[in-house]
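Structural overview
One-letter residues, chain by chain:
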Amino acid sequence: MDAVAALPALELPARRAAVRPVTTEPAWVRRTLIALALAFFGLFLLLPLLAVFVEALRKGWAVYLAALVEPDALAALKLTLLAAAIAVPLNLVFGVAAAWAIAKFSFRGKALLLTLIDLPFSVSPVVAGLGLVLLFGGSGWFGAWLAAHEVKILFAVPGIVLATVFVTFPFVARELVPLMQAQGREEEEAAVVLGASGWRTFWHVTLPNVKWGLLYGVILTNARAMGEFGAVSVVSGHIRGQTTTLPLHVEILYNEYQFSAAFAVASLLALLALVTLVVKHAIERRGDFAALRRGSRT
Amino acid sequence: MAVHTGVLPGFRLTLGYTLFYLSLIVLLPVAAVFGKTLELGWGEFVDVVSNPRVLAAYRLSFGAALAAAAIDAVFGLLLAWVLVRYSFPGKRLVDALIDLPFALPTAVAGIALTALYAPNGWLGGWLAALGVKVAFTPLGILVALVFIGIPFVVRTVQPVLEEFEPEFEEAAASLGASRWQVFRHVILPHVLPATVTGFALAFARAVGEYGSVIFIAGNIPFVSEIVPLLIIGQLEQYNEAGATAIATVMLVISFTLLLVINALQAWAARRGGKEQ
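Scanning chain A for helices and strands turns up 15 helices and zero strands. The globule rule puts the C-alpha radius of gyration for 298 residues at 19 Å, and the 26 Å found for chain A is more than 25% above it. With the C-alpha coordinates aligned to their principal axes, the bounding extent of chain A is approximately 100 × 65 × 35 Å. The 298 residues of chain A split such that 51% are buried.

Our next topic: the overall build of chain B. What chain B contains, in helices and strands, is 13 helices and zero strands. Shown N-terminal to C-terminal, the secondary structure of chain B runs as helices and strands in the order α-α-α-α-α-α-α-α-α-α-α-α-α. A total of 276 residues make up chain B; the buried ones form 54% of that total. Within chain B, counting contacts between residues at least 6 apart in sequence, those at least 24 apart form 74% of the total. Total accessible area on chain B is roughly 11,800 Å²; 67% of this is exposed by carbon and sulfur atoms. Looking at charge distribution, chain B has the averaged site of its 15 positive side-chain charges lying 4 Å from that of its 17 negative ones.

What follows is about the layout of surface pockets. A probe matching the size of a water molecule, rolled over the atoms, marks out where space remains unfilled. Computed from the structure, the second largest pocket encloses a volume of approximately 680 Å³. I232(B), G233(B), L235(B), E236(B) and Q237(B) are the residues nearest the centre of the second largest pocket, which is lined by 29 residues in total. Those elements that provide at least two residues to the lining of the second largest pocket are α12 (230–236) of chain A together with α3 (52–85), α12 (227–236) and α13 (240–275) of chain B. Top contributing element to the lining of the second largest pocket by residue count: α12(B), with seven residues. Looking at the lining of the second largest pocket, its residues break down into 13 nonpolar, eleven polar and five charged.

Below, the discussion takes up the interface of chain A and chain B. Between chain A and chain B, the contact holds 97 residues from the first and 98 residues from the second. Carbon and sulfur atoms supply 78% of the area buried between chain A and chain B, which totals about 8,500 Å² over both sides. When the buried surface of chain A facing chain B is broken down by residue, F40(A), L45(A) and F105(A) rank first, second and third, together holding 7% of it. Linking chain A to chain B there are two salt bridges. Between D99(B) and K280(A) there is a salt bridge whose closest N-O contact spans 2.4 Å. Where chain A touches chain B, the interface holds eleven residue pairs in polar contact (both at pLDDT 80 or more). Counting residues per element, the side of chain A that touches chain B draws most heavily on helix α2 (residues 27–56) of chain A, which supplies 20 residues. Looking at the side of chain A that touches chain B residue by residue, the class counts come to 65 nonpolar, 16 polar and 16 charged.

Here we take up the nonpolar core. Membership of the largest hydrophobic core comes to 188 residues, with the highest contact counts inside it found for I117(A), Y117(B) and I231(B). When residues in this core are grouped by element, the largest group, 16 residues, is from α3(B). Not counting residues within four places of it along the chain, the set of residues in contact with Y117(B) comprises L43(A), L123(B), G124(B), L127(B), V134(B), A135(B), V143(B) and I216(B).

What follows covers the confidence of the model for chain B. On average, chain B scores 91 in pLDDT, and the residues at 70 or more come to 96%. For this predicted complex, the interface confidence score (ipTM) comes to 0.91, while the overall pTM stands at 0.91.

On to the side chain of E25(A). On the secondary structure map, E25(A) appears in the loop between α1 (2–23) and α2. Accessibility expressed as a relative area gives 9% for E25(A), which makes it buried. In this structure, E25(A) is in contact with R30(A), W81(B), Y86(B) and R179(B), ignoring residues within four places of it in sequence.

Inspection of the entire model under this criterion finds 17 salt bridges over all chains. Taken together, the salt bridges that share partners define one network made up of K280(A), E284(A), D95(B), D99(B) and R155(B).

Residue and element names in this part refer to chain A. Topologically, I252 is positioned in helix α13 (residues 246–255). Separated by 95 residues in sequence, I252 and V157 place their C-alpha atoms 18 Å apart. In contact with I252, not counting residues within four places along its chain, are H238, R240 and T244.

Quick notes on the rules
- Residues numbered from 1 in each chain as written.
- Chains lettered and ligands numbered in written order.
- Predicted model: local features only at pLDDT ≥ 70, side-chain atom pairs only at ≥ 80, totals over all residues.
- Heavy atoms only, no water.
- Helix = DSSP H or I, 4+ residues; strand = E, 2+ residues; numbered from the N terminus.
- Rg over C-alpha atoms; globule rule 2.2 N^0.38 Å.
- Buried < 20%, exposed > 50% of the residue type's maximum accessible area, 1.4 Å probe, protein only.
- Contact = heavy atoms within 4.5 Å.
- Areas by Shrake-Rupley, 256 points an atom, 1.4 Å probe, with all protein chains shown as cover.
- Lys, Arg positive; Asp, Glu negative; His and termini not counted.
- Charge placed at Lys NZ, Arg CZ, Asp CG, Glu CD.
- 1 Å grid on protein atoms, 1.4 Å probe; cavity = no way out; pocket = protein on both sides within 12 Å on 5 of 7 lines; lining within 4 Å.
- Points joined across faces, edges and corners; volume = space filled by probe spheres on them.
- Nonpolar A, V, L, I, M, F, W, Y, C, P; charged D, E, K, R; others polar.
- Buried area = accessible area lost by both parts, 1.4 Å probe.
- Salt bridge = Lys/Arg side-chain N within 4 Å of Asp/Glu carboxyl O.
- Polar contact = N/O pair within 3.5 Å; in protein donor to acceptor, adjacent residues only side chain to side chain.
- Core = buried A, V, L, I, M, F, W, Y, C linked by side-chain atoms within 4.5 Å.
- pLDDT = per-residue confidence, 0-100.

Below is the structure:
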């Protein structure tokens, strides 16, 4: 009896002392772990990023700007923008169509379809480029036909676009499918029952719900499209001023030992990466998007 | 289950378009690689893939990818833990920049890492004084692959840690477990599926990585020549058959990894679901 009566009085200070170490570690452990994590972060992420800008400006602003406005660099920039301008809308339309079919309907083979959509994530970009060579090259499946009709895909802009579309294929679909699955189909069904057309339902009911997820997928697609190197490198043929994208232009300059120029062009791509991260972070911090994503994971 | 169309329209159109576009963009090039391999015949295929230089490249690509993914698993878990559990100055910047390897073009990463680790580079000079050579050796490849893979682990583990209820830790502690025991027996089993998934994703990406590696690798046959570079080398010599045979092995492994990752994600989802 005595012991029981004494318990509440004893428990309070005991809890105060015990709860803290339960949800966190001693200060020295915390500090060590933070220091280790920050050391890794600095060494592997921050330092390479800094290196790009420092190396780019090593020979001063004049050299930096000259590298950016040089005709081959401008041509590469134009081609990079063109490839992204084609790849992003194509994969956006695909992603929306795939997400609608997968999230709003049930059918056999859905798991297999999702696996196949992920395929470009795990296929080496170089192997993807090789596939295009085997299709459209001189001795490829369509090689003879293309030659007879004087259509050039390989070592030309269409090949670069196809390679870019391949490597950025899953991003929008991968982002939208879980979001639209988490939402269910009740809202859309209500709209359709009330007489809205399928298109109108999508435009006014589905799209507002997933717009941030859509934008998220688009910026990831765009970043990868503008930065792709391996797949594009295989199909480009490296014709200066004609079939070189910005990353390929960086490679050419670097291999010619024009390091400052290579890093100057690279710094443009690094800026693009930073803008991508800022937009991505801003979307992630939106409450509605975060809640939807959390919902889609369970 | 049979096709459930319900009242919503557009099933045939969207699924049809999805299958058409998937076949055209992804399946056709992949099929071309397999098709070309079938033309080769078994003997020729084995000849190419069992060439010592090719075998050395496979060993290097898979070994380096495995080691890099393991390093990423450890430091990815650490970064996720620190970002979820602790507060420190600059935390938001760190959190945002974790995705840098996703956003930074691989060629840019490649030349930046080379500038750091080359013998006359920022870190290379210090390391050379210690007798460690990073750039133009397999160690350089490892550095590039660790960079490429780190966000995969952090971003798969982070949400799992965020949703982990402290009640489990409190229960374990109230039963007398030390902090280390709580971590080892309560937290670690919970985040293990996500960590392994992140490891597999980082590994799959690292095996096929090209852009960030070729600048820092030095590309010396038998020493620092990765498989994707070998494929490009074969293509440049107009040896499509050789390139295809080497690539087919990579593709088969990619497919296997994809299936393993799917199974891992299902495992992680089941683990997460149980605790809900």
